[in-house]
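Residue-level structural notes
Chain by chain, the residues:
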Amino acid sequence: MAVYQDDFPIVSAEKLSDTVFDFKVSCPQLASDAFPGQFIHVICSAEKLLRRPISICEIDKTNSTIRFVFEQRGEGTRLLSGKKAGDTLNILGPLGKGFTALYAYDSAVVVGGGIGVPPLLEVAKSFNGACDAILGFRNSEAAILIDDFFDVCGDVSVTTDDGSLGTHGFVTDVLRKRLENDPPQVIAACGPTIMLKNVAALAKMYNVDCYVSLEERMGCGVGACLVCACRTRDENGDIKHSHVCSDGPVFNAEEVAF
Amino acid sequence: MSADLSVNIAGVEFKNPVITASGTFGFGEEYNKFYSISLLGGISCKGTTLYPREGNPPVRIAETPMGILNSVGLQNPGVDEFIDRHLPFLSQHDAVIIANIAGSTEDEYVEAVRRLNGTCVDMVELNISCPNVKEGGVAFGTKPESVEKITSAVKKVCEQPLMVKLTPNVTDITETALAAEAAGADAVSLINTLTGMRIDIKTGRPVLHNNIGGMSGPAVFPVALRMVWQVANKVSIPVVGMGGISTWQNAVEMLLAGASAIQVGTACFNDVFAPLKIIDGLRKYLDENGYSSVSELTGGVEIW
Ligand SMILES: Cc1cc2nc3c(=O)[nH]c(=O)nc-3n(C[C@H](O)[C@H](O)[C@H](O)COP(=O)(O)OP(=O)(O)OC[C@H]3O[C@@H](n4cnc5c(N)ncnc54)[C@H](O)[C@@H]3O)c2cc1C
Ligand SMILES: Cc1cc2nc3c(=O)[nH]c(=O)nc-3n(C[C@H](O)[C@H](O)[C@H](O)COP(=O)(O)O)c2cc1C
Ligand code: FES
């Protein structure tokens, strides 16, 4: 699988909320090689030595663009949010294994929490309508991409922690009901670790396959420096360190030692 | 005619003086997806121990202005798997293969190095300077007596030229360099990382799970340059310089300070092509300034 490192032009840079930004970059080869759930490693500014890992939200092979949506968390993402359409961005990618294991299933439910929602959009699209989404946010102001999911999913459920939009509660409340009544073939989840842990536990309880996308701080992003370790189990159930950038970011939830 | 970039270090011929640094370049497989690793002078492999190690729990990396701290803790598959699974790939390429060996005890170092005998490893880099493991590693590297002891023990069994990698976390690095030379080291390489720390003020906890880690990247370059200069003035074996090199200009400085070759590590995290850009820049610099060989630069600094 080919990987690229180059300067690519930003074709659009929009704001989805006070702290969340939506970028599209023109990168023909990268877009043609990318899979759902893979990520890019981006230089936010010459001031920052390390790149920042950001998931691919949409891959547009016709227009040769990729879209990513990111939240301003610290200095790096703040500097990145200052970029405009027409600026170039140095990107390394596409990286990681992505949600390719999902190609073996006919229908899915994607479960996203907060800024974990974006990478699930391309996953949902790949099911051509045979996918439902359960999306959770802090409150209505933090809700993003809901219309995008409506466009490509059968059913979309939204939850907020404070009840200001959709169902009052957590994604796991909705997922539990869904698993009781109409279990999907597979679940794909991305969001805070505690949410992933609870989703994985539910999936196991109802005996449904589940894939989760993990986050860890990164150096190289390509599997060479071993800094992005996460705890997983090997065939014998023993704990080992896998690497989010190269073994993941998507893992079978059964393998992850939360 | 273009300048000769090749260097000979302890009998090992490098086609150019740019080597990728241990722990930042894996076993070469990942970066070979971007360019042929045969373009490199050499590859210093990930620090390898007699038995596999899982390394430290995450978080293992923290950022600092123009630098990073890491606390990987020598995660590696062990020397046997290095030989069986990774050496065959490296041997298909035309870069000098340097095995970077670490251990918790002298016996572990000796046995790991012994197992490299008869393999296609071209050179051994003795890592007695890893700051991220509880026992061993840097414990062997901070006192001249222990540097001398471990170097001579390893030298007895090592078939390849032996390069000892020094830690900067000492009062006078020339003492450990001289100890390595006295014990039979064929070359020294420096610097490994400088111990450092960051604290997350939101949680009141260190960013790194190991609390402290090793600092590298452009921020450490002046310290590394000073140490290479001091060591090169004291020892008569070749010195391989590293620490924060990210441009060809840095590489020229390091050579002028006394290095015979250089290693590039953290720079690859920012720019995967950094080692190749450094090779190209060096070549142009030599040609434009009328040098016939890169080794003419070594130790060329004219001090005030
Ligand atoms: C595979 C992967 C995919 C991601 N996808 C997205 C996405 O689609 N949208 C989005 O908004 N965010 C995403 N993140 C998180 C994003 O990488 C961090 O929010 C970002 O690195 C923070 O950088 P900063 O300089 O703003 O923050 P700081 O806190 O100032 O960063 C300091 C250092 O810590 C690292 N860091 C801090 N938080 C994280 C984190 N959660 N994960 C990894 N490294 C971190 C930074 O990269 C940097 O090296 C993803 C992370 C990973 C690992
Ligand atoms: C993530 C990481 C892992 C490292 N692992 C090793 C190692 O296994 N053995 C070793 O001798 N040095 C190791 N080092 C140190 C580097 O080889 C090098 O000495 C140091 O980073 C300074 O060079 P640089 O600033 O160019 O990175 C590591 C450095 C980093 C950043
Ligand atoms: S970030 Fe270097 S191995 Fe994952």
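It should be noted that the structure appears before, not after, this text.
As the structure is a computational prediction, the values presented were derived from the model and not from experiment.

**Remarks on the side chain of Q263 of chain B**
Residues and elements named next belong to chain B.
- Mapped onto the elements, Q263 comes out in strand β16 (residues 261-264).
- What makes Q263 buried here is its relative accessible area of 1%.
- If sequence neighbours within four positions are ignored, Q263 has contacts with I19, T20, A21, S22, S44, E125, M163, S189, V240, G241, M242 and I245.

**Some details on the site of ligand 1**
All names here are of chain A.
- With respect to spatial proximity, 20 residues lie near ligand 1, and among them R52, P53, E71, T77 and E215 are the closest.
- Between ligand 1 and T77, the relevant distance is 2.4 Å, taken from an oxygen atom to a side-chain nitrogen or oxygen of the residue.
- R217 has a polar side-chain atom sitting 2.9 Å from an oxygen atom of ligand 1.
- Contact with the protein chains hides 87% of the accessible area of ligand 1, taken as 830 Å² for the molecule alone.
- Broken down by secondary-structure element, the contributors of at least two residues to the shell around ligand 1 are β4 (52-55), β6 (65-71) and α2 (75-81).
- Ranked by the residues each element gives to the shell around ligand 1, the list is headed by β4, at 4 residues.
- Along the lines of polarity and charge, the residues of the shell around ligand 1 split into 9 nonpolar, 4 polar and 7 charged.

**Concerning the interface of chain B and chain A**
- With 33 residues of chain B at the interface, the matching set in chain A holds 28 residues.
- Counting each side, the surface lost to burial between chain B and chain A is near 2500 Å², with a carbon and sulfur contribution of 61%.
- Among the residues chain B hides against chain A, the three largest losses belong to E63, F269 and N270 of chain B. Together they make up 24% of the total.
- For the pair chain B and chain A, the number of links is 1 salt bridge.
- Note that E63 of chain B is salt-bridged to R52 of chain A, the shortest N-O span being 2.7 Å.
- Our count for the chain B to chain A interface comes out at 13 residue pairs in polar contact (both at pLDDT 80 or more).
- Elements that contribute at least two residues to the side of chain B that touches chain A include exactly β5 (61-64), β6 (67-70) and α7 (267-270) of chain B.
- The element contributing the most residues to the side of chain B that touches chain A is β6 of chain B, with 3 residues.

**Some words on the pattern of salt bridges**
- Within this structure, the stated rule accounts for 20 salt bridges over all chains.
- K204 of chain A serves as the salt-bridge partner of E254 of chain A, at 3.7 Å between the closest nitrogen and oxygen. Taken together, the residues E254 of chain A in the segment after β16 (250-252) and K204 of chain A in helix α6 (residues 193-205) connect sequence positions 50 residues apart.
- Overall, E254 of chain A belongs to the exposed group, its relative accessible area being 53%.
- Taking the relative accessible area as the measure of exposure, K204 of chain A reaches 58% and is therefore exposed.
- For E81 of chain B, the salt bridge goes to R85 of chain B, with nearest N and O atoms at 2.9 Å. Taken together, the residues span about one helical turn, with E81 of chain B and R85 of chain B both in helix α1 (residues 79-91) at a distance of 4 residues.
- The class for R85 of chain B is exposed, based on a relative accessible area of 56%.
- Overlapping salt bridges, with partners in common, bring together D22, E58, R67, E122, K125 and D148 of chain A in one network.

The rules behind each value
- Residues numbered from 1 in each chain as written.
- Chains lettered and ligands numbered in written order.
- Predicted model: local features only at pLDDT ≥ 70, side-chain atom pairs only at ≥ 80, totals over all residues.
- Heavy atoms only, no water.
- Helix = DSSP H or I, 4+ residues; strand = E, 2+ residues; numbered from the N terminus.
- Buried < 20%, exposed > 50% of the residue type's maximum accessible area, 1.4 Å probe, protein only.
- Contact = heavy atoms within 4.5 Å.
- Near = heavy atom within 4 Å.
- Polar contact = N/O pair within 3.5 Å; in protein donor to acceptor, adjacent residues only side chain to side chain.
- Areas by Shrake-Rupley, 256 points an atom, 1.4 Å probe, with all protein chains shown as cover.
- Nonpolar A, V, L, I, M, F, W, Y, C, P; charged D, E, K, R; others polar.
- Buried area = accessible area lost by both parts, 1.4 Å probe.
- Salt bridge = Lys/Arg side-chain N within 4 Å of Asp/Glu carboxyl O.

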